[in-house]
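Coordinate inspection notes
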Amino acid sequence: MKLFQLLAISAVFAFSANVFAQAPGQAAKTIKITKITGTVNIMKDGVVVMTLKPGDAIPEITDNKVTFAVVDGTIEIEAGGKKISGATGSNFSVASNAGQVNVALGAGTPVAVKTESGQNVILTANSEVKMINTNGNVNISMEKGNAVMTNASGGETQTVQAGQTVTVPSAPVITPTASTPATPEVKEPVVIVEPPATTVIPTVEVVQAVCDVSSSSPDCN
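A brief look at the structure comes next. (Residues numbered from 1 in each chain as written. Predicted model: local features only at pLDDT ≥ 70, side-chain atom pairs only at ≥ 80, totals over all residues. Heavy atoms only, no water.)

1. Quick look at the overall build of the protein
Rules: Helical segments are the DSSP runs of H or I of at least four residues, strand segments are the runs of E of at least two, and each set is numbered from the N terminus. Exposure classes here rest on a 1.4 Å probe applied to the protein chains alone. A residue is buried below 20% of its type maximum, exposed above 50%, and partly exposed in between. When checking whether two residues touch, look at their non-hydrogen atoms; a contact exists if any pair is within 4.5 Å. Computed with a 1.4 Å probe, the accessible areas rest on the Shrake-Rupley method; for each residue, only the protein chains presented here act as cover.
Looking only at helices and strands, one finds 2 helices and 15 strands in the protein. Each of the 221 residues in the protein was classed as buried or not, and the buried ones make up 29%. Contacts in the protein between residues far apart in sequence, at least 24 positions, make up 50% of those at least 6 positions apart. A total of about 13900 Å² of accessible surface is found on the protein, and carbon and sulfur atoms cover 56% of it.

2. Observations regarding the sheet that holds strand E7 (residues 91-97)
Where we set the bar: Here the rule is simple: two strands pair whenever DSSP picks up at least two bridges between them. Helix axes are fitted to C-alpha atoms over the stretch in contact, other axes to C-alpha atoms as well, and angles between N-to-C directions run from 0 to 180 degrees.
Here 8 strands make up an open sheet; going across it, the order is E3-E2-E4-E7-E8-E11-E12-E15 and the pairing antiparallel. Two strands in the sheet have a free side with no partner beyond their single neighbour: strand E3 (47-52) and strand E15 (165-169). Across the sheet, the mean angle separating the axes of adjacent strands is 20° when strand polarity is ignored. As judged from the 5 bridges shared by strand E12 (residues 137-144) and E15, these two strands associate in the antiparallel manner. Bridging across to E15, Asn137 finds its partner in Pro169.

3. A short note on the pattern of salt bridges
Defined as follows: We define a salt bridge as a side-chain nitrogen of Lys or Arg found within 4 Å of a carboxyl oxygen belonging to Asp or Glu.
Within this structure, the stated rule accounts for 3 salt bridges. The partner of Lys82 in a salt bridge is Glu116, with the nearest N and O atoms 3.1 Å apart. Highlighted residues: Lys82 in strand E6 (residues 82-87) and Glu116 in the loop between strand E9 (111-114) and strand E10 (120-123), separated in sequence by 34 residues. A relative accessible area of 0% means that Lys82 is categorised as buried. Between Lys130 and Glu143 there is a salt bridge; the shortest N-O distance is 3.9 Å. Of this pair, Lys130 sits in strand E11 (residues 127-134) while Glu143 sits in strand E12, and the two are 13 residues apart along the sequence.

4. Here's the deal with the environment of Ser85
Within the element layout of this structure, Ser85 appears in strand E6. Residue Ser85 is classed as partly exposed on the basis of its relative accessible area of 29%. The sequence separation of Ser85 and Ile75 amounts to 10 residues, and the corresponding C-alpha distance is 5.8 Å. Discounting chain neighbours no more than four positions away, the residues touching Ser85 are Ile75, Glu76, Val111 and Ala112.

5. A closer look at unusual backbone geometry
Of note in the backbone geometry, Ala98 takes a positive phi value of approximately 50° without being a glycine. In this fold, Ala98 is placed in the loop between E7 and strand E8 (100-105). The residue Asn126 is not glycine, and still its phi comes out positive at about 55°. With respect to the helices, strands and loops of the structure, Asn126 is situated in the loop between E10 and E11.

6. Overview of the side chain of Asn151
Rules: For the purposes of these results, a polar contact is taken to be a pair of N or O atoms within 3.5 Å, where, inside protein, one atom must be able to donate a hydrogen and its partner to accept one; residues adjacent in sequence count only when each atom of the pair is a side-chain atom.
Counting through the fold element by element, Asn151 comes out in the loop between strand E13 (146-150) and strand E14 (158-161). Within the structure, Asn151 has its side chain in polar contact with the side chain of Ser153 (distance 3.1 Å). Ignoring anything within four residues of it in the chain, the contact list for Asn151 reads Gly118, Gln119, Asn120 and Glu156.

7. Concerning the pairing of E6
Residues Lys82, Ile84 and Gly86 of E6 are buried on one face, while the alternating residues Lys83, Ser85 and Ala87, pointing to the opposite face, are not. Looking at chain direction, strand E5 (residues 74-79) and E6 are connected through 6 bridges and run antiparallel. Across the sheet, the residue bridging to Ala79 is Lys82, located in E6. In this antiparallel pair of consecutive strands, E5 and E6, the connection spans 2 residues, and Gly80 shows a positive phi of 55°. Here E6 runs beside E9; their pairing, made up of 3 bridges, is antiparallel.

Below is the structure:
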């Protein structure tokens, strides 16, 4: 009996060594736990290798496929540029390798997967999605089950079923906003040129002066 218990404990330690980094610099970091607010069991091949609670040191995961069972609270994971969120009752696995991320959900609370450009893929029970980054896009393929997909703001809802593929940009699309100030129009200055003042010759005064000198002039009549 004691021998059996020792063998079981040894098996758990062996799984742990494969899933978590043992020293700095050894972690592949393809799957990263970014936030935890409750109790989460981390599993490998059906065996619980670690239980995490708020305040616990978050280990570095070296394996490229891990299963998470959320007992209570929430957990957030990053894999291949995607953000995966699970809540109480979620039991899901994440696999990440060479630009491809697979998320599979068993029977449990839905799991959300957010792409780099902000699209949300909400997996329902017993479903799996495959995401592949290629040529500036993300190809979202439903391997089984179905998912509800929305854009970054939560609108434009659509259902993606098994066998369907949706392609979205792998980077956020920047659109101009009303708050962006417009470039003021530069107008050429208007120069007004005034004509020179007209010189008026006072002929009447000149004639009068001549008449005063000589009254015999015909113009003095």
